[in-house]
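Listed below, chain by chain, are the residues.
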Amino acid sequence: MSRAMQYHGWLPWGSWIRLCGSQPGCRAARCVYLCAASGPGAAGSCFHRKILHVGGTSLPRRSCVRYKGGSQENRAQRSSSHHGLDHLRNVASSDAIKKHQKSLSAWFSNQPNEERQFGPSFSLDAVHVDPVIRESSLEQILKPSPDLTIQHQLQQPCRQVISLQNLFDVDACGRQVKNVVLYGTVGTGKSTLIKKMVVDWCHGLLPRFELVIPFSCEDLSYSHVPISLRRLITKKYQHLRDVVPLLGSSNLKVLFILNGLERLNLDFRLAGTELCCDANEPVPPSAIVVNLLRKYLLPEASIIVTTRPSAVRQIPGKYVGRYAEICGFSDTNLQKLYFQLRLSQPGCDGENNVASRSGEQDNLVEMLSRNLERQNQIAAACFLPSYCWLVCTTLHFLYFTRTVPPSQTLSGIYTSFLRLNFSGEVLDSTDPTKISMMKYVAKTVGKLAHEGVMSRKTSFTEEDLQQCFEVEMKTESELNQLEVFRSDVFRFFLTPCVQPGKEHTFVFTIPAMQEYLAALYVVLGEKKTLVQKVGKEVSEIIGKVSEDAAVVLSIISKVLPLRFLPVLFNLLKMFPRFFSRLSGKGRDTIARTMAEELFKEEDYYNDDVLDQINSSILGVEGPMRHPDEAADDEVFELFPIFMGGILSRRNRAILEQLGCSIKNLAAFEIAKAMKKTVIRNSRKGLPPSELMDYLFFLHEFQNERFTAEAIRSLRTVNLSSVKMTPLKCSVLASVMGSTSHEVEELNLTSCNLDTGSLRTLFPVLLRCKFLHLQLNSLGPDACKEIRDLLLHDKCAVSNLRLGNNPIGEQGAQYLAEALAGNRSLTHLSLLHTALGDRGVELIAQHLTENQQLQELNLGYNSLTDTGALHVVEVAKKHATLDKVHLYFNDISEDGKRALDSLRMDRDGVRALVFLTAGTDVSDYWSSILNVVHKNLPFWDRERVRQHLTIILQDLESSRRQTVNPWRKAKFLRVESEVKKMLGKLQHGTL
């Protein structure tokens, strides 16, 4: 019977909605205990990267049938001699086994490269949370489940839960279990669970077994040379050569772990695999596995097998003592525990400040817990422990990245995440095409993701799935591949929607995964027109036969001098060239798609993509949306960024390992085509959030030459009101660091900068002429960094705005030192920086050493007459300083008259205090009112009202003193503006 027909019996064709109920990974699945009608077996499993949840229905309990091989084994155990037991103890305590334990512990405790690359490396003991494992049966595996929504499954108790340590306990019939099959879909954590099991044994926490021997079925599948079991063991574990001869001849309690059984094509028919009971007889590795499971070879040994659901039926049920299914984190409390352990680890944020670290980490855990409690879509995703890893890794990237090495990109995280789960995996080992699982996903799920992005939708109906997966299916092989995908992989990428009213639709497990797969689908060139598809096939055929055709035609032309033969041959050679040009146009299309998606005007005023990812994980604080309220339009701004990230050299290398090849020439031609579109569009004025997205795109692209050319075209960088996290600061510094050109203006107003941000951005700030740092809560420590910046010999800053920062007296000291030694600054704004008289006095003391400053703004700093007069007296002696702003300070009428006496025509300095200048209106009245208007949201409104009242009284008094009608008219105009501002202030409309 073909595999397609076998699947047809247990997974109804076309029923995608049912799939979520029958798939492992469904939350809190209903479980039953079934006594397998097989003898005791032994099961083995190794280090997979996947974790699972299953839904099932209650089935009638099967009668217990005693397995003959099991009875013989029990009799053999009872007949073992006292001498054998003594020998067993000697072997178990031997140096060889201790050395084996030490070796396995070192090997299995190693974390993958991704673990070390995207955050601190943690031991399994530190962050491991055991997933839920439930006892299952072959009938339950094969029987499809009823339609269950996520909400319904949340209310179902997960019965017949069994721990990893109890997998080999006696079954319901009282028989000792020897063979265990531990199965789960991709991402359920089979490998991590087995790694933890091996490490526990190495540390003496699994006393049931005295020797554990893990094997990778992937390694075994590559070898077809006959080999004996003993030779196979000593070849992999040389230090067991003194122990192997004792296998089968003593009561040594041995556990074999066979990881990834789906990699092997096992044949349990006697005609396919002969019986073998001799551990010294060379047979193919698959035959060793079959005979171990049959209990003909080492019947005393226990075996645990890990596999995907589609391969469970490779082993006949009579050889399996227990089926166990990994249900993943079917309880949100397990998810919370994982996040608590992972995000609270010392060194997670890379900082030495324990108090600061603990506060931010606890805050993250709290926000994540609240989002999980809302039964948000993220809770459905975190059924799979693999996605818990992705969530923690993404949060580490967003919150604890202080510097960004080239290897750390968001697309790199997602590519590495897929490698962790799909590395080396083929979809169906029995299929002759041996298509990689990731390649199949890119062609099918990627198509669905791309169609969703183009139509701006995130939920998909069963009809959408059928259109995407089934419409082009033509052969038996394609049908088999689809069924394996539905059984093993579907739940990894798509999950039922938890939104009310959409329970029977599917969404991508993590929203960003839809955009990643859509980008992969486009970059791999899977989005082809019919002409391109046919042209590629014809071109390949002609290309293959062209060399043979050349030989044949050359022979015929010698015998038959027909002139048309060379012409025919040249026509044959022209087609591949024509198709290569057609492919080049396809790469232009990819570049054009990237540019169009990157600069969509309808997305201009959304949050930047990093904030969007943060919100998708941690949720948005505030009242939840009413079910009847219209949803916001879907945003897919990560899509073009992922397209650029996938083209980076490192990601292409990883995707090559996954069977998704992107040639260097293709990447080069796409980058070349992008210069015409992306860089040209970037020269248009972009809103701050879109500019941040563009900078992040350049970081993800990881193409230094392209980035340098793009950055040279940016003379003004406006990121005002973008929350500049450490990651964003690192991205800005990295991207801007690709060139050394001067930046005309860098606006970082209201960006939540701190001392660390200034330190990260230091090389960029040096090259900026006009630097906006207002409204960033920069205190004295930050002023120390600014002092070092201004004293640097390569500092190009000429205009520095530090308004609305709590600089204070100590910060003024650092800035005064900077003024004394700086040679580039001409304009300095310290508006509303809490300087006071003492702070201004410190600045005045060092003004005499400065030779370039032209304008100094000290407005709204609580200056009295003494401080104001002192700084103006110093200013009028300065060689270049001609304007000092002193409005909104505590200056009396006498002080005002004293300052007014220092007129520019007599002392060379203009002191801007009020809107009047004697009996005339100040030339700078509009500038002063504009400053008030812009800063009013950040100032004390009552104090502003008092100052405006004083200004209005001063205007009215000066108007009465003048007899010039022209001046009276000017006074009335200014008074009108002030009265309007006061009126709006009182009514709260300003």
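Residues numbered from 1 in each chain as written. Predicted model: local features only at pLDDT ≥ 70, side-chain atom pairs only at ≥ 80, totals over all residues. Heavy atoms only, no water.

1. Considering the pairing of strand 4 (residues 254-259)
Thinking step 1. Within strand 4, six of the six residues are buried, leaving the element largely enclosed by the surrounding structure.
Thinking step 2. Alternating positions in strand 4 separate into two faces, Val254, Phe256 and Leu258 on one and Leu255, Ile257 and Asn259 on the other, with burial throughout.
Thinking step 3. Inspection of the sheet shows strand 3 (residues 211-216) paired to strand 4 by six bridges, in the parallel sense. Bridge assignment links Leu211 to a residue of strand 4, and that residue is Val254.
Thinking step 4. Sheet topology places strand 4 next to strand 5 (residues 302-307); four bridges connect them, and they run parallel. Residue pairing across strands places Phe256 opposite Ile303, the latter belonging to strand 5. (Buried < 20%, exposed > 50% of the residue type's maximum accessible area, 1.4 Å probe, protein only. Helix = DSSP H or I, 4+ residues; strand = E, 2+ residues; numbered from the N terminus. Pairing = 2+ DSSP bridges.)

2. Things to note about unusual backbone geometry
Thinking step 1. Even without being a glycine, Lys434 presents a positive backbone phi close to 50°.
Thinking step 2. Summarising the element assignment, Lys434 is placed in the loop between helix 18 (410-422) and helix 19 (437-454).
Thinking step 3. Lys434 sits in the partly exposed class, given a relative accessible area of 43%.
Thinking step 4. In the Ramachandran plot, Ser777 falls in the positive-phi region, its phi being about 55° despite a non-glycine side chain.

3. Some remarks on the side chain of Thr833
Thinking step 1. Within the element layout of this structure, Thr833 appears in the loop between strand 14 (827-829) and helix 36 (836-847).
Thinking step 2. A polar atom in the side chain of Thr833 sits 2.7 Å from the backbone oxygen of Leu830.
Thinking step 3. Discounting residues that sit within four places of it in the chain, Thr833 has contacts with Leu802, Gly803, Asn804, Asn805, Pro806, Ile807, Gly808, Tyr860 and Asn861. (Polar contact = N/O pair within 3.5 Å; in protein donor to acceptor, adjacent residues only side chain to side chain. Contact = heavy atoms within 4.5 Å.)

4. Let's talk about the pairing of strand 6 (residues 322-328)
Thinking step 1. Across the seven residues that make up strand 6, a large majority, seven, are buried.
Thinking step 2. Neither face of strand 6 is open: one carries Arg322, Ala324, Ile326 and Gly328, the other Tyr323, Glu325 and Cys327, and all of them are buried.
Thinking step 3. Pairing between strand 1 (residues 132-136) and strand 6: five bridges, direction antiparallel. Considered in strand 6, the bridge of Arg134 is made with Glu325.

Take it as geometry only, folks, not as evidence of what the structure does.
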